[in-house]
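# Breakdown of the fold
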Amino acid sequence: MIQTQSTSVHSSRFGSGQAVRRLEDDALLAGVGRFADDVTAEGQTHMFFVRSPYPHARIVSVDVSAALALPGVLQVVTGADLVAAGVKPIPGSSGFTRADGSPVASPVRRVLAHERVRFVGEAVVAVVAQTLQQARDAAEAVVVDYDELPMVVDMNDAIAPGAGTLCDQAPDNIACETRYGRVDATVAAFAKARHVVTLDIINQRLHALSLEPRSVLADVDKTSQRLTIRMSTQMPTGVRGSVCDALGLDVDAVRVVVGDVGGGFGMKTSVYPEDIAVAYCSRALQRPVKWVSDRSEEFVSSTHGRDVQSHAELALDETGKILALRLASLANVGAYATGAGVAIQLLIGPWVQTSVYDIQTIDFHFKAVLTNTAPTSAYRGAGRPEAIFTMERLMDEAARQIGMDRIELRRRNFIQPAQMPYKNPMGQVYDTGNFESVMNQALVLADWDGFGARAAESAMRGQLRGLGIATFLEWTGGNVLEETVSVTVQADGIIEVFTAVNGMGQGIATALAQLVVDAFGVPIEQVRVVMGDTDRGNGFGSAGSRSLFTGGSAVRAGADKTITLGKQLAAKELEASEHDIAYADGSFTVAGTDLRIGLFELAGRQGDQRIFVDSTTTVAGPTWPNGCHISEVELDPQTGHVAVVAYSSVNDVGRVVNPMIVRGQLDGGAVQGIGQALCEHLVYDRETGQPITGSLMDYAAPRAQDTPEFKTEMDQSTPCRNNPLGVKGVGELGTIGAGPTVVNAVADALARHAMGRQSSRLQMPLSPSRLWELMQG
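Residues numbered from 1 in each chain as written. Predicted model: local features only at pLDDT ≥ 70, side-chain atom pairs only at ≥ 80, totals over all residues. Heavy atoms only, no water.

Turning our attention to the overall build of the protein chain. Across its full length, the protein chain holds 22 helices and 28 strands. Compactness check: the protein chain gives a C-alpha radius of gyration of 27 Å against a globular reference of 28 Å for 777 residues, within 12% of the reference. On the principal axes, the C-alpha backbone points of the protein chain span a range of 85 × 70 × 55 Å. A buried classification covers 60% of the 777 residues belonging to the protein chain. (Helix = DSSP H or I, 4+ residues; strand = E, 2+ residues; numbered from the N terminus. Rg over C-alpha atoms; globule rule 2.2 N^0.38 Å. Buried < 20%, exposed > 50% of the residue type's maximum accessible area, 1.4 Å probe, protein only.)

Our next topic: the packing of aromatic side chains. Under the counting rule described, the total for this entry stands at 13 aromatic pairs. Taking the centre distance of 5.6 Å and the plane angle of 85 degrees together, the rings of Phe49 and Trp291 count as edge-to-face. Here Phe49, found in strand β1 (residues 45–51), pairs with Trp291, found in strand β12 (residues 289–292); they are 242 residues apart in sequence, far enough to count as distant. A residue is classified by how much of its surface remains accessible, and Phe49, at 3% relative accessible area, is buried. Judged by centre distance (5.2 Å) and plane angle (65 degrees), the rings of Tyr54 and Tyr146 are edge-to-face. Residue Tyr54 is found in the loop between β1 and β2 (57–63), and its partner Tyr146 is found in strand β6 (residues 143–148); the two are separated by 92 residues along the sequence. For Tyr54, a relative accessible area of 27% gives the class partly exposed. The rings of Tyr180, Phe364 and Phe366 are connected pair by pair, giving a single aromatic cluster. Positioned above the aromatic ring of Phe190, the side-chain terminus of Arg326 is 4.0 Å from the ring centre. We note Arg610 situated over the ring of Phe612; from NZ or CZ to the ring centre the distance is 4.4 Å. (Phe/Tyr/Trp six-rings, centres within 6.5 Å; stacked < 30°, edge-to-face > 60°. Lys NZ or Arg CZ within 6 Å of the ring centre and 35° of its normal.)

Looking now at the pairing of β1. The element β1 is extensively covered by neighbouring structure, given that seven of its seven residues are classed as buried. Neither face of β1 is exposed, since Thr45, Met47, Phe49 and Arg51 on one face and His46, Phe48 and Val50 on the opposite face are all buried. Taken together, the two bridges between β1 and β12 define a ladder with parallel strand orientation. Looking at the pairing, His46 lines up with Lys290 of β12. The pairing of β1 with strand β5 (residues 123–129) spans six bridges and is antiparallel. Among the inter-strand pairings, Arg51 is bridged to a residue of β5, identified as Ala123. (Pairing = 2+ DSSP bridges.)

Moving on, we get to the sheet that holds strand β8 (residues 195–206). On the basis of which strands lie adjacent, the open sheet formed by five strands has the order β7-β15-β14-β13-β8 and mixed pairing. Edge strands, defined here as strands with exactly one partner in the open sheet, are β7 (174–181) and β8. The average angle at which neighbouring strand axes cross in this sheet is 10 degrees, direction not considered. Looking at chain direction, strand β14 (residues 322–334) and strand β15 (residues 362–370) are connected through nine bridges and run parallel. Bridged to Ala328 within β15 is His365. With respect to the sheet, helix α12 (residues 384–402) is in contact with β8, β13 (305–316) and β14, its orientation differing from that of β8 by roughly 145 degrees. (Axes fitted to C-alpha atoms, helices over the stretch in contact; angles between N-to-C directions. Contact = heavy atoms within 4.5 Å.)

This part covers the nonpolar core. In terms of nonpolar packing, the biggest core is built from 131 residues, with Leu314, Ile630 and Leu762 touching the most fellow members. With near-sequence residues (within four places) excluded, Ile630 lies in contact with Ala442, Leu443, Ala446, Trp448, Leu467, Gly468, Ile469, Ala646, Tyr647, Ser648 and Thr741. With 47 residues, the next largest nonpolar core counts Leu481, Val529, Val555 and Ala570 among its residues. (Core = buried A, V, L, I, M, F, W, Y, C linked by side-chain atoms within 4.5 Å.)

The next point concerns the sheet that holds strand β24 (residues 596–598). Strand order across the open sheet formed by three strands is β22-β23-β24, with antiparallel pairing between neighbours. Both edges of this open sheet fall to β22 (581–584) and β24, since each of them pairs with a single strand only. In this sheet, neighbouring strand axes are inclined to one another by 20 degrees on average, regardless of whether the strands run parallel or antiparallel. Two elements, β22 and strand β23 (residues 587–590), share four bridges in a ladder whose sense is antiparallel. Paired with Ala582 across the strands is Thr589, a residue of β23.

Attention now moves to helix α8 (residues 236–247). Over its twelve residues, α8 runs 17 Å from end to end, which matches the ideal 16 Å to within 8%, given 1.5 Å per residue. Considered for burial, the residues of α8 that qualify are Pro236, Thr237, Val239, Arg240, Val243, Cys244, Ala246 and Leu247. Buried residues belonging to α8 abut β10 (227–231), β11 (254–257) and α9 (273–285). The positive-phi residue at the C-terminal boundary of α8 is Gly248, with phi of around 70 degrees. (Expected span 1.5 Å × (residues − 1).)

Okay, the packing of α8 against α9 next. In contact at an axis separation of 10 Å, α8 and α9 are set at 55 degrees when each is read in the N-to-C sense. Here α8 lies oblique to α9, going by the angle between them. The handedness of the crossing between α8 and α9 comes out as right-handed. Residues Ser242, Val243, Ala246 and Leu247 of α8 form the contact with α9, whose participating residues are Ile276, Ala279, Tyr280 and Arg283. Classifying every residue of the contact of α8 with α9 gives six nonpolar, one polar and one charged. (Parallel < 35°, antiparallel > 145°, perpendicular 65-115°, else oblique. Left-handed = near helix turned anticlockwise from the far one by under 90°. Nonpolar A, V, L, I, M, F, W, Y, C, P; charged D, E, K, R; others polar.)

Glancing now at the state of the cysteines. This structure, assessed with the given rule, holds zero disulfides. Residue Cys281 stays outside any disulfide, its sulfur separated by 17 Å from that of Cys244, the closest cysteine. By relative accessible area, Cys281 is classed as buried at 1%. (Disulfide = S-S within 2.5 Å.)

Turning our attention to the environment of Ala253. Mapping Ala253 onto the fold places it in the loop between α8 and β11. Given the relative accessible area of 21%, Ala253 is considered partly exposed. Sequence separation between Ala253 and Arg226 is 27 residues; the distance between their C-alpha atoms is 4.9 Å.

What follows concerns the pattern of salt bridges. Enumeration according to the criterion identifies 46 salt bridges in this entry. The salt bridge involving Arg411 is made with Glu436; its shortest N-O contact spans 2.9 Å. Of this pair, Arg411 sits in helix α13 (residues 406–413) while Glu436 sits in helix α14 (residues 435–445); the two residues are 25 residues apart in sequence, bridging distant segments of the chain. Using a relative accessible area of 27% as the deciding quantity, one classes Arg411 as partly exposed. Given a relative accessible area of 22%, Glu436 falls into the partly exposed group. For Glu713, the salt bridge goes to Arg663, with nearest N and O atoms at 3.0 Å. Of this pair, Glu713 sits in strand β28 (residues 710–714) while Arg663 sits in helix α19 (residues 659–678); the two residues are 50 residues apart in sequence, bridging distant segments of the chain. Residue class for Arg663 comes out partly exposed when judged on its relative accessible area of 30%. Members of the salt-bridge network, linked through shared partners, are Asp447, Arg454, Glu457, Arg461, Arg465, Glu632 and Glu634. (Salt bridge = Lys/Arg side-chain N within 4 Å of Asp/Glu carboxyl O.)

Structure follows, in structure tokens:
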């Protein structure tokens, strides 16, 4: 059952459905936000890392004597030191197999490289000193003797015979692979197909580029030996567990605290070697130790996103009905096959590969390839952008090649509302969806039929105008569907809610506060949302667009349980039957009388001056937000430059709690998708293994001036049935839709000007030089 909001005056102004200004913003705009680097501990020391300059090499020796002799240096730690101290490796991927059935193969990942380095930027030595400059100077004095080994940074080079290998268990550099579908049925479907459309597609490697870099401060209590880690992360509970595993500590021995987080985008979901190194040194020195990554370190040592190449084939009959989909993909997981890095490309992406289309016959083959590059992991969308990009490029190319209108092609293949709940060929069940209706609304919003006049105006200015579309869905939730909250009604007039979901700039505290207003009918100023402290509560954290539909559902359920408990307590105070107690707008009343007691007064009459409830809630399943995104571009034939000049979208995100925040998430996500489509690319030199886009001088990120004016609308007519709020995840939807609609718009511009054959050869990023060369034939 979907719960609706209260009709109190406070809910009508600050509850669900209202564009409440973000509660988080006042502190941030005033410059008094509290990020990890804003905290300075008494006696704080600083860490700096010596990193590998080679993509692959044997560590012959490490001489730290000169570094230890420098002023202010407190500790210099090598990989061998940590192995001798019993620090455990960071676990890699599990649950997948290689073609021969053997377990996933990956090098052992140490906190500091031991015996071998496997990518440029891998941490080799940690230096701790009184000041950051002293630590930097000492790092310069460390002498590491390397013996270079054969390296591979390109996936095709890595799987070629005779390539250098990253570990003995993977002589072919394939960490693991998965196969889905029915091969025989797919072969038969292609054999009888009237049309077969084939595309080779590359989803290039990207950098998350969060505004705040990774930051860690560890401080040990000298009496209890308990470690407190303050850091920038999306998953404090998971990081705590990983640190404890590596250092052999009980979970009660470590507390992780998270303040403001300046963006994560999935890059801050897992533990990093640096996190464990900081914790280890703090315990060893009995001093606070801080490490803050600089931008150059982030480019080479944080996890990257995407990096997938696919050979995709679509079989259609004479009417345009899709008969089968065949896909073979290589996913570059970097030097170490992480759990997230493998699962995202070999499992999660495939879950949505058939998207909003009624396709049941598939043959998918995915391989995770080891290379001498930084490991890949989650980045906004995490597997779904790659899958949807492939599907939507196929749809537009299919329409172009078989001579069918691309809107009509989509209509003929949409899953229909009457088919819900719908099980796709990967076994995933969509609970709701009305995909054709969403597309119809977007066509009107974008004035699809008026494109011809706009194209003519562009042509008068020498520009080639193109029109692109993407209809798609995504999966959200991380398949961790349980969340715990605590609700405390305090005698001082505050309702405090603690949740283990985490803020990272997305406005989740505001949305949760609005749900509290819905339940209690109090002013939003009397609501305080607290996050980011493993001593207060633990859970999965924030990733996979799960925060509202799991955390929000838990908050609403916890609030309802608190009101139920309040009724019991009020019945005792008012000497009435619990069944006669009603609650509304901060007061309990007895039916048919003028007896009443205020919520906060009731809390003050309890022994501990509060009403407290711990509540755990499990939602029924993931959510399947979906949308139709339409863009228009102008392509300059003289330079190859692309400008996105119009962008319209209709998005089914279920019930909307805060439309301003939802639009911000959709538009911000779209900017990142546009960035991938047009300019972003983290490049390693194929001959040397060196990253050549390792700074903002080289890595082209989208700027505000590059973004169009967005026309963004939400369709709330199809609420999710898997959670009591009816909401669907929204944080990644914009990113997923933007890439394919912009590239499809460029392909359309080419096809409209006698360059249809080139449209199938488009590869991201669509930089001016690439497009200019393509247009020259």
